[in-house]
Amino acid sequence: PADWRGIVEELNVYYQSIDDSKKKEVKNVFAYSKFSKKEEEDAKSWDAYMFAKGIIRGRTCPYCKQNYTFVIEDNEEDGRKICRPSIDHFYPQHEYPYLALSLYNMVPCCEVCNMRLKQMKKMQLEILNPYEFDMDEAFRFEFQFDMLDEKKGITMRMNPFNEDYIKTFQEYKKTFHLELLYNEHQATARKIYERYQKYGDGYFKQLQRLLGDGEQK
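Quick notes on the rules
Residues numbered from 1 in each chain as written. Predicted model: local features only at pLDDT ≥ 70, side-chain atom pairs only at ≥ 80, totals over all residues. Heavy atoms only, no water. pLDDT = per-residue confidence, 0-100. Helix = DSSP H or I, 4+ residues; strand = E, 2+ residues; numbered from the N terminus. Phe/Tyr/Trp six-rings, centres within 6.5 Å; stacked < 30°, edge-to-face > 60°. Lys NZ or Arg CZ within 6 Å of the ring centre and 35° of its normal. Contact = heavy atoms within 4.5 Å. Core = buried A, V, L, I, M, F, W, Y, C linked by side-chain atoms within 4.5 Å. Buried < 20%, exposed > 50% of the residue type's maximum accessible area, 1.4 Å probe, protein only.

**Student:** Help me out: how do you make sense of the confidence of the model for the protein in this one?
**Tutor:** Predicted coordinates in regions of low pLDDT should not be interpreted in detail. In the predicted model, the protein carries a mean pLDDT of 80, and the fraction of residues at 70 or more is 82%. Within the protein, no element has a lower average pLDDT than helix 6 (residues 125-128), which sits at 57, and none a higher one than helix 2 (residues 20-29), at 94.

Laid out in structure tokens, this is it:
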């Protein structure tokens, strides 16, 4: 909801006011460990697999937009659970245990972004929550080529469309090391560029049809 941040702040004031025994009860009630455990004997139980399968709007991590976030189950073996994306807590569990099972706080993403990059950082909710914010609608890629010197490769940068995003964009880019990650795709970008040089606009239009993207950005 739009007023989620205000709700969280009110809950946090109350949570900080209760004694340690009640805080322990809160942690037991909102036990994420049980929710995230893979229960083979009950394939239809409400758990992290079912949550991720129902909530994912795309097939890639909402933070980096490059790693896949598949939910895979083997239907030939009564829906045996194979793998699922990592689930990030937008507000860290250790600081906000009462949000451990909140649908607005659990973000299916890749393990690299969750476990290695974001870790337990608290993000800026009003801009960076993937349920309210789509990186594709806010950022654009810029490329610089040096075709005379292949060793220099391609410089890839990300810039926000809207100046209002600049401050949070810088934090977002720094947290997930987006420029470093995307610069690892220089060889692929160069091949795409070279094919564009050879085949013209028709090559990009064909890519758009294959990728299902009707608008070039």
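Here the narrative resumes, following the displayed structure.
**Student:** What is the right way to look at the environment of Y104 in this model?
**Tutor:** Of note, Y104 is situated in the loop between strand 3 (86-89) and strand 4 (106-109). Once the C-alpha coordinates of Y104 and H89 are considered, the two residues, 15 residues apart in sequence, prove to be 9.1 Å apart.

**Student:** Explanation requested: the packing of aromatic side chains in the structure shown.
**Tutor:** Describing an aromatic ring pair means giving the distance of the ring centres and the angle of the ring planes. What the rule picks out here adds up to ten aromatic pairs. The interplanar angle of 15° and the centroid separation of 4.6 Å between the aromatic rings of Y63 and F176 together place this pair among those described as stacked. Residue Y63 is located in the loop between helix 4 (48-55) and strand 1 (72-74), and its partner F176 is located in helix 8 (residues 166-176); the two are separated by 113 residues in the primary sequence. A connected cluster of aromatic rings, assembled from ring pairs, spans Y15, F90, Y91, Y96 and Y98. One residue, K23, lies across the ring of Y15, its end atom 5.3 Å from the ring centre.

**Student:** Whenever I open this one, the environment of L101 confuses me. Can you help?
**Tutor:** One can find L101 in the loop between strand 3 and strand 4. Sequence separation of L101 and A48 is 53 residues, and the distance between their C-alpha atoms is 9.8 Å. Sequence-distant contacts of L101, that is, excluding residues within four places in its chain, are made with V29, F30, A31, Y32, F35 and M106.

**Student:** Would you mind going over the nonpolar core with me for this structure?
**Tutor:** Among soluble globular proteins, nonpolar side chains are generally buried collectively. Residues Y63, C113, M135, F139, Y172 and L178 are the most contacted members of the largest nonpolar core, which totals 28 residues. Put simply, the parts of the chain that give this core at least two residues each are helix 1 (4-17), strand 4, helix 5 (111-118), helix 7 (135-138), helix 8 and helix 9 (178-183). In this structure, L178 is in contact with Y63, C64, M135, M158, Y172 and K173, ignoring residues within four places of it in sequence. With seven residues, the next largest nonpolar core counts Y32, F51, I87 and A100 among its residues.

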